[in-house]
Amino acid sequence: MKKYKDTDYLHVSVRLRAIAHKTAVDSESLMKIVDSRSVDTAVKILEEKGLSLSAAVSSGHEGVLKRLDSALTAELNKAYSLVTSIIGKSELVTLLKVRYDFQNLKALIKAEMLGISPD
């Protein structure tokens, strides 16, 4: 296995930090989301940070959480695609996804233990 130097991906780190500086949800924005009284307000705060979520809430309140979940998943996949395009090696990005896979497995196990549908 090839050994990597700590400077091999320095350009990736700098580029992603520059993008994240503009789009990351900081603690102030997170507190506004927590304190918001409606999904619409929370979505507006997230959209100010560059997330495209308005289509998920514009179709009415029926199924809005499922649409928001899908929209957030799409945004996460965009982020993975961006990182992959910068790095050029999808194997490295796969490692970033492991955390979410473990969370999904935990949810499936919990659903089975509680005797409820994993959906």
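Before reading on, note that the structure itself is shown above.
Residues numbered from 1 in each chain as written. Predicted model: local features only at pLDDT ≥ 70, side-chain atom pairs only at ≥ 80, totals over all residues. Heavy atoms only, no water.

Asker: Is there a simple way to think about the overall build of the chain in this case?
Answerer: When you go through the chain residue by residue, the secondary structure sums to six helices and zero strands. When the helices and strands of the chain are listed from N to C terminus, the series reads α-α-α-α-α-α. Counting only C-alpha atoms, the chain reaches 50 × 40 × 25 Å along its principal axes. Buried positions account for 18% of the 119 residues belonging to the chain. Across the chain, the fraction of contacts at a sequence separation of at least 24, relative to all contacts at a separation of at least 6, is 32%. Accessible area for the chain stands at about 9,600 Å²; split by element, carbon and sulfur atoms hold 59% of it. Averaging the coordinates of the 18 positive side-chain charges in the chain and doing the same for the 15 negative ones gives two points 6 Å apart. (Helix = DSSP H or I, 4+ residues; strand = E, 2+ residues; numbered from the N terminus. Buried < 20%, exposed > 50% of the residue type's maximum accessible area, 1.4 Å probe, protein only. Contact = heavy atoms within 4.5 Å. Areas by Shrake-Rupley, 256 points an atom, 1.4 Å probe, with all protein chains shown as cover. Lys, Arg positive; Asp, Glu negative; His and termini not counted. Charge placed at Lys NZ, Arg CZ, Asp CG, Glu CD.)

Asker: Honestly, the pattern of salt bridges in this entry has me stumped. Any pointers?
Answerer: Oppositely charged side chains may form a pair once their charged atoms are brought near each other. Scanning the entire structure with this criterion turns up two salt bridges. Residue E28 pairs with K32 through a salt bridge whose shortest N-O separation is 3.7 Å. Here K32 and E28 lie together in helix α2 (residues 27–35), a separation of four residues that amounts to about one turn. Of the charged contacts in the structure, one is a salt bridge between E75 and K78, with a shortest N-O distance of 3.2 Å. Remark: K78 and E75 occur in helix α5 (residues 64–87); sequence separation between them is three residues, near one turn of the helix. (Salt bridge = Lys/Arg side-chain N within 4 Å of Asp/Glu carboxyl O.)

Asker: Which parts of the structure should I look at to understand the packing of helix α1 (residues 10–23) against α5?
Answerer: Geometry of a packed helix pair, given as the angle between the helix axes and the separation of the axes. Contact geometry for α1 and α5: axes closest at 10 Å, N-to-C directions at 150°. Between α1 and α5, the angle is such that the two are roughly antiparallel. Where α1 crosses over α5, the two elements pack in a sense that is right-handed. Contacts between α1 and α5 involve H11, V12, R15, L16 and I19 on the former and, on the latter, L82, V83, I86 and I87. The residue inventory of the contact of α1 with α5, partitioned by class, reads seven nonpolar, one polar and one charged. (Axes fitted to C-alpha atoms, helices over the stretch in contact; angles between N-to-C directions. Parallel < 35°, antiparallel > 145°, perpendicular 65-115°, else oblique. Left-handed = near helix turned anticlockwise from the far one by under 90°. Nonpolar A, V, L, I, M, F, W, Y, C, P; charged D, E, K, R; others polar.)

Asker: In this structure, what is going on with helix α6 (residues 90–114)? I would like to understand it.
Answerer: Two residues of an α-helix separated by three or four positions point the same way, owing to the 3.6 residues in each turn. Relative to the 36 Å expected for 25 residues at 1.5 Å per residue, α6 spans 36 Å between its end C-alpha atoms, a close match to the ideal helical length. After α6 finishes, the residue G115 shows a positive phi value of roughly 70°. (Expected span 1.5 Å × (residues − 1).)

Asker: Mind showing me how you'd approach a nonpolar patch on the surface here?
Answerer: On the surface, L92, L95, V98, F102, L105, L108, I109 and M113 cluster together into a nonpolar patch covering about 820 Å² of accessible area. If you trace the backbone, L108 turns up in helix α6. Taking the relative accessible area as the measure of exposure, L108 reaches 46% and is therefore partly exposed. (Patch = residues over 30% accessible without salt bridge, like charges linked within 9 Å, V, L, I, M, F, W, Y side chains within 5 Å.)

Asker: Is there a simple way to explain the packing of α5 against α6 in this structure?
Answerer: For the pair α5 and α6, the least separation of the axes is 8 Å and the interaxial angle reads 150°. Classified by the angle their axes make, α5 and α6 are roughly antiparallel. Between α5 and α6 the crossing geometry is right-handed. Contact residues: Y80, V83, T84 and I87 in α5; S90, L92, V93, L96, K97 and Y100 in α6. Residues belonging to the contact of α5 with α6 are distributed by class as follows: seven nonpolar, two polar and one charged.

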